[in-house]
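Notes for the structure review
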Amino acid sequence: MTAMNQRIRTRFAPSPTGMLHIGSLRTALFSYLWARKNNGEFIVRLEDTDQARIVEGAAEQILSSMGWLGMDWDYGPDKPSPEFGSCIQSERNDDYTRYIQALLDSGVAYYDWTSPEQLESLRAQAQANKQPFVFRKNMATLEGETGKAVIRIAIPDQTVITWTDHVKGLQSWRGKDIGDFVAIKSDGFPTYQFANVVDDHLMEITHVIRADEWLSSTPKHLFLYDAFGWQRPEFAHVPPILGPDGKKKLSKRDGAKDAAVYATEGYLPEAVMNYLALLGWNPGTDQEIFSPDQLVSVFELSRIQKSGAKFDPVRLDWMNGMHIRNMDPSKRLELAESWWPKEAVQSDKAYKQRVLDLVYERLKKFADLAEYSRFFFARAMAVDVQEIEQETKFTPEEQANLLVATIDLLQASDFTETDLEHRLYGYAKENDLKVGKYFMLIRLMITGSRFSPGLFETLNTLGKAEVLERLKT
Ligand code: GLU
């Protein structure tokens, strides 16, 4: 357990075996929030001891996704610590060698020359006897050529490992179900099980927050802590994110994307952070929209859910839209800059600000901006009379008459929103037109779209000359 006054330190320990999955990003976020909430430290450690599985570029992509989301780390692959050194496991081999020697000396660890073929036949034997395969020292080949053995940790049968997990509650595992596990592989590299514990200890990690697929590794880790006489960290094993069916683990087929993709699609990092934080965690109130600072202040390990959370891309979009709305208008304009339609290139900042003020409430993400704003910068393709008829029920002839009348009406307007409103409503009333249909007609003729911001604001923003020009053509 964490001693009073001990500085809280958490870590995220990705293996660079692929792009960062959104679920891993969420687990990283919980570690990050817990460290920041406690004015502690957050470490990113690259677990690259399985050299064969390393994917080129994965480490860079993991770090850049985390950076994009706004999770800064105190120590990481790019920031070694003056106390414990590198945050890249392949650069820490001296430590693993030193510590495994201590366990060899005390008899907790032993060399094993069992060949892969022997292992396979032991496994097959267990299966034939309908027994789970558990490796024991009496099965090991205890002599062989130097440099070819693995090093195993001997767990006595009678050992019982218990701990209270922050999410899973009281856990109790028996040594006889665990078996002697490999700490150092025959290539000299440590296994995840061994390196993870040595590093968590040397890095003074107080809280291990990780995916619950590692739950069954934890008794092995705790056995090592106890064997070394080290203080155990606390554990929180986080349930997975589920696909929309609420059953299977989230996959790409469910619309989940690699973390990096969200940046390129115009999502806001603070919205993605907000969304991820509420996947499998809740603040205990009805509040749904949180800034990163607010998340830091309300986050509690005790509120991580026991069951998996469903990934819902619609909710993510909604939340992103809410963050776009809540943002300061000038910051919004700045962020929108790379998302305007190409037709906007000539337009000045003031005009863009005006357009953005009219459309931002409809944006789910900045990638929507081009579509929703294009007609402010370019004339739309003329809408077919039949289509207009379908939408408004005005016959082609009525449409033509209304067009002429509207041009006259607008010609006389000073184009303030009040004047436009007064004239267009007045005209509809005098001529017994359904206001909704009439305004839809004007909207379609000017914007080419059924959706636009308020009609008067739209006309006012486009300006008199442009509106009349569009109506005439
Ligand atoms: N390297 C492990 C992974 O890829 C780390 C698990 C842990 O956090 O202990 O998830």
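Note that the coordinates shown come from a computational prediction; the quantities given were computed from them, not determined experimentally.

Another point: the overall build of the protein. A count of helices and strands for the protein gives 20 helices and 11 strands. For the protein, the C-alpha atoms occupy an extent of roughly 100 × 50 × 40 Å along the three principal directions. Here the protein holds 473 residues, and the buried ones make up 50% of them. Summarising the internal contacts of the protein: among those between residues at least 6 apart in sequence, 74% fall at separations of at least 24. Element-wise, carbon and sulfur atoms account for 50% of the exposed surface of the protein, whose accessible area totals about 23100 Å². Taking the average place of the 56 positive charges on the side chains of the protein and the average place of its 67 negative ones, the gap between the two points comes to 4 Å.

The next point concerns helix α9 (residues 269-277). In terms of burial, α9 is a largely internal element, eight of the nine residues being buried. Along α9, the residues classified as buried are Glu270, Ala271, Val272, Met273, Asn274, Tyr275, Leu276 and Ala277.

It is worth spelling out the nonpolar core at this point. If you look at soluble globular proteins, the nonpolar side chains tend to sit buried side by side. In terms of nonpolar packing, the biggest core is built from 48 residues, with Met66, Met71 and Leu276 touching the most fellow members. Put simply, the parts of the chain that give this core at least two residues each are α1 (22-37), β2 (41-44), α2 (58-69), β9 (234-238), α8 (259-264), α9, α10 (292-298) and α11 (313-326). With nine residues, the single largest contributor to this core is α1. Leaving out residues up to four positions away in the same chain, Met71 has contacts with Leu25, Ala28, Leu29, Tyr32, Met66 and Met273. Among the nonpolar cores identified, the runner-up in size contains 47 residues, and Phe415, Leu420, Ile442 and Leu468 belong to it.

Close to the ligand lie Arg11, Ala13, Ser15, Glu47, Tyr192, Asn196, Arg210 and Trp214, which account for all nearby residues. Ser15 has a polar side-chain atom sitting 2.9 Å from a nitrogen atom of the ligand. Protein contact buries 83% of the 290 Å² of open area that the ligand shows by itself. Of the pockets mapped on this structure, the ligand occupies the largest pocket.

Here we take up the sheet that holds strand β7 (residues 181-184). Pairing is antiparallel in the open sheet, where three strands are placed in the order β3-β4-β7. In this open sheet, the two strands that pair with only one neighbour each are β3 (109-112) and β7. For this sheet, the mean inter-axis angle between neighbouring strands, taken without regard to orientation, is 45°. Of the strand pairs in this sheet, strand β4 (residues 150-153) and β7 are connected by three bridges, and their pairing is antiparallel. The residue of β7 that forms the bridge with Arg152 is Val182.

On to the environment of Leu69. With respect to the element layout, Leu69 can be found in helix α2. Leu69 sits 201 residues away from Glu270 along the chain, and the two C-alpha atoms are 6.8 Å apart. Residues contacting Leu69, with those up to four places away along its chain left out, are Leu25, Pro269, Val272, Met273 and Leu276.

Looking now at the pattern of salt bridges. Using the criterion set out here, one finds 36 salt bridges in the structure. A salt bridge links Asp226 to Arg232; its shortest N-O distance comes to 2.8 Å. The closest approach of N and O atoms between Asp419 and Arg423, which form a salt bridge, is 2.8 Å. Taken together, the residues span about one helical turn, with Asp419 and Arg423 both in helix α17 (residues 417-430) at a distance of four residues. A relative accessible area of 14% means that Asp419 is categorised as buried. Taken together, the shared-partner salt bridges connect Arg11, Arg45, Glu47, Arg92, Asp95, Arg98, Asp199 and Asp200 into one network.

In this approach the atoms are scanned with a rolling probe the size of a water molecule, which exposes any empty space left behind. Roughly 1000 Å³ of volume is contained in the largest pocket. Of all the secondary-structure elements, those providing two or more residues to the lining of the largest pocket are β1 (9-12), α1, α6 (192-202) and β8 (207-211). In terms of residues, the lining of the largest pocket owes the most to one element, α1, which gives four residues. Here the residues of the lining of the largest pocket sort into 18 nonpolar, 13 polar and 11 charged.

Calculation criteria
- Going along each chain's sequence as written, the residues are numbered from 1 onward.
- In keeping with the model being predicted, local features are shown solely for residues with a pLDDT of at least 70 and side-chain atom pairs are shown and tallied solely at 80 or more, while totals for entire chains, interfaces and linings include all residues.
- Computation of side-chain values covers all heavy atoms of the structure but excludes hydrogens and water.
- Under the DSSP-based scheme used, a helix requires at least four consecutive residues in state H or I and a strand at least two consecutive residues in state E, with every element numbered from the N terminus.
- Any residue under 20% of the maximum accessible area for its type is buried, any over 50% is exposed, and the rest in between are partly exposed; the area is computed with a 1.4 Å probe on protein chains only.
- Throughout, a residue-residue contact means that at least one pair of heavy atoms, one from each residue, lies within 4.5 Å.
- Values of accessible area rely on a 1.4 Å probe in the Shrake-Rupley scheme; residue burial ignores everything except the protein chains shown.
- Positive charges come from Lys and Arg, negative ones from Asp and Glu, while His and the chain ends are left out of the count.
- In plain terms, the charge of a residue is placed at NZ if it is Lys, CZ if Arg, CG if Asp and CD if Glu.
- To qualify as a nonpolar core, a set must consist of buried Ala, Val, Leu, Ile, Met, Phe, Trp, Tyr and Cys residues joined through side-chain atoms within 4.5 Å.
- We define proximity as follows: a residue is near a molecule or strand when any one of its heavy atoms falls within 4 Å of that partner.
- For this analysis, a polar contact is any N or O atom pair within 3.5 Å, provided that within protein one partner can donate a hydrogen and the other can accept it, and provided that sequence-adjacent residues contribute only side-chain to side-chain pairs.
- In this analysis a 1.4 Å probe is tested at points of a 1 Å grid over the protein atoms alone, and where it fits but cannot get out there is a cavity; an open set with protein on both sides within 12 Å along at least five of seven lines is a pocket; lining residues have an atom within 4 Å of a point.
- Think of it this way: if more than half of a molecule's atoms are within 2 Å of a pocket's grid points, that molecule is in the pocket or cavity.
- At least two DSSP bridges between two strands are needed for those strands to be called paired.
- What counts as an axis is a line fitted to C-alpha atoms, over the stretch in contact for a helix, and the angles between N-to-C directions run from 0 to 180 degrees.
- Here a salt bridge means any side-chain nitrogen of Lys or Arg lying within 4 Å of a carboxyl oxygen belonging to Asp or Glu.
- Grid points are joined across faces, edges and corners, and a volume is the space filled by probe spheres set on the points.
- Polarity classes work like this: nonpolar for Ala, Val, Leu, Ile, Met, Phe, Trp, Tyr, Cys and Pro, charged for Asp, Glu, Lys and Arg, and polar for all others, with Gly in that last group.

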